[in-house]
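One-letter residues, chain by chain:
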Amino acid sequence: MIRVQGLNKWFGEHHVLRDIDLHVAQGEVVVVIGPSGSGKSTLCRCLNRLESAGSGEILIDGVPAPVEGRELARLRADVGMVFQAFNLFQHKTVLDNVMLAPMKVRGLSRAEAEKTARDLLARVGIAEQAGKMPGQLSGGQQQRAAIARALAMRPKVMLFDEPTSALDPEMVGEVLDVMVQLAADGMTMVVVTHEMGFARRAADRVVFMDDGQIVEMAEPNAFFESPTTDRARNFLAKVLTH
Amino acid sequence: MSALLDHLPEFWQGLIVTLQLTAASFAGAAVMGLVIAALRVSPVPVLRGIGTAYVETLQNLPLLVLLVLAVFGLPEIGLQAGLQVTATVVIALYEGAYIAEALRSGVNAVSSGQGEAARALGLTFGQSLRHVVLPQALRTVIQPIGNIFIALTMNTSLAAAVGVVELTAAANRVNLLEAQPIPIFVGAGLAYAVIAACAGLVTGRLERRLAVVR
């Protein structure tokens, strides 16, 4: 579904991604973990070209990701993205947030788009918030609305860029529950997160990144029980002691 | 006072021309401003360059110079139009540069995540600007655009210098007959003040009604 080959990325002099090779199969859930500044968010953003790649190749469903223009917009329509800061459109109701892209990009009628939107809002458990503005919702509700908005495009892949990092602790669970359900339904997912519990529970594969490189890649049990590199062992020792 | 009251029809005619100049050139300036602001935030460098050149040129020349150049210069190259039409177009193009800058600051005030989320959903650059970024940008620049509207209203009086008989020119003509500048120009000034006050009321209302819950 996603194939990344020899991806390199620089921010000025700073080499943020080094020779990344990654393959995500249809229906697979890949969780990317690692210390801050390790390049995991940048990798996630490169997958739908919110960041341009320095060199290397990204194939989505066998097709090279277009560089710009309408082809790129079409690619992004098939790749859902959920942000750390939710990024709901502040001037539109939750329902309109979910309906906008299906109407403008997919050409759905208002009635069709509204039906899909209401179904999805019910699925993420916030059906009764449909008429509210994003600012009136809690963080957890906003993030679930953002997931519904991405799902409304019927994407082939969902990217999650630290979806729970901006949430109060008691709201993390409600968002992770939606994501676990999505994974169980067979969605192909790339999830950048610090939630080790989610990685154990829902991941098919854990990718550990440090300093712009993929250091280790393994099934969650193998990775958490017996990491093979010192860097991964150090990282886990720090995050799992609490 | 009688100087004012005896010439009400002339004042009225002048006020109507001022209102026509204001309304038509503000409409033109709004369209122009939208286009130029879109150019200035475009990802294409050439388009950004065109937008910047436009703003720098029109903001850095006095309106009076532009009016005189247009009225006397355009017929030289075969473009003939009525004085009021020429003045309307020149004021629209000039104020368009200011509206573009106000809009651009509004666009910059919208968090970059909004545009990213729109693009991540597959909206094209134009669609994300139109449906997501500009509606939010507009809400933050209602007040500055109201101020530009007021400045534009006052600037229409420069059209008097190129022969358009709007409120200021009408007042001047009445003064040539009556030689009572104080009541005549205070009267004209009050008319401008009323237009400006109305604009202030409207922008205040719009701001309250369109406020975004954050």
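Values in this document were obtained by computation on a predicted structure and should not be read as measured data.

Residues and elements named next belong to chain A. Counted residue by residue, strand 7 (residues 157–161) has 5 buried out of 5 residues, so it is predominantly covered. Every second residue of strand 7 is oriented toward a common face, with V157, L159 and D161 on one face and M158 and F160 on the other, all of them buried. Across 4 bridges, strand 6 (residues 79–82) lies against strand 7 in parallel orientation. Within strand 7, the residue paired with V82 across the bridge is F160. Two strands pair when backbone bridges link them, and strand 7 and strand 8 (residues 188–192) are joined in this way by 5 bridges, in the parallel orientation. The partner of L159 across the bridge, within strand 8, is V190. Following the backbone out of strand 7, through helix 6 (residues 169–184) and into the adjacent parallel strand 8, one traces a crossover that is right-handed.

What follows covers the sheet that holds strand 5 (residues 63–64) of chain A. Note on sheets: strands pair through backbone hydrogen bonds, and any given pair is parallel or antiparallel. Residues and elements named next belong to chain A. The strand order across the open sheet built from 4 strands is 2-1-4-5, with neighbouring strands paired in antiparallel fashion. Each having just a single partner strand, strand 2 (14–24) and strand 5 make up the two edges of the open sheet. Sheet topology places strand 1 (residues 2–11) next to strand 2; 7 bridges connect them, and they run antiparallel. Its bridge partner being in strand 2, L7 is matched across the sheet by I20. In the packing of helix 1 (residues 40–47) onto the sheet, the strands contacted are strand 1, strand 2 and strand 4 (55–60), and the crossing angle to strand 1 comes to about 120°.

This brings us to the interface of chain B and chain A. Contacts between the two partners involve 20 residues from chain B and, on the opposite side, 25 residues from chain A. Taken together, both faces of the contact between chain B and chain A bury some 1900 Å²; the carbon and sulfur share is 64%. In this structure, the salt-bridge partner of E116 of chain B is R45 of chain A, at a minimum N-O distance of 2.7 Å. Seen at the junction of chain B and chain A, the total is 7 residue pairs in polar contact (both at pLDDT 80 or more). Secondary-structure elements contributing two or more residues to the side of chain B that touches chain A are helix 6 (112–120) and helix 7 (125–140) of chain B.

With that settled, consider the UniProt feature "domain: ABC transmembrane type-1" (unreviewed entry) in chain B. Those residues carrying the UniProt feature "domain: ABC transmembrane type-1" (unreviewed entry) are residues 15–203 of chain B in this numbering. Taken as a whole, residues 15–203 of chain B contains 81% helix and 0% strand, while its terminal C-alpha atoms sit 22 Å from one another.

The rules we used
- Residues numbered from 1 in each chain as written.
- Chains lettered and ligands numbered in written order.
- Predicted model: local features only at pLDDT ≥ 70, side-chain atom pairs only at ≥ 80, totals over all residues.
- Heavy atoms only, no water.
- Buried < 20%, exposed > 50% of the residue type's maximum accessible area, 1.4 Å probe, protein only.
- Helix = DSSP H or I, 4+ residues; strand = E, 2+ residues; numbered from the N terminus.
- Pairing = 2+ DSSP bridges.
- Right-handed = clockwise from strand over helix to strand, strands pointing away.
- Contact = heavy atoms within 4.5 Å.
- Axes fitted to C-alpha atoms, helices over the stretch in contact; angles between N-to-C directions.
- Buried area = accessible area lost by both parts, 1.4 Å probe.
- Salt bridge = Lys/Arg side-chain N within 4 Å of Asp/Glu carboxyl O.
- Polar contact = N/O pair within 3.5 Å; in protein donor to acceptor, adjacent residues only side chain to side chain.
- UniProt positions renumbered as here; feature names shortened; annotations may be inferred.

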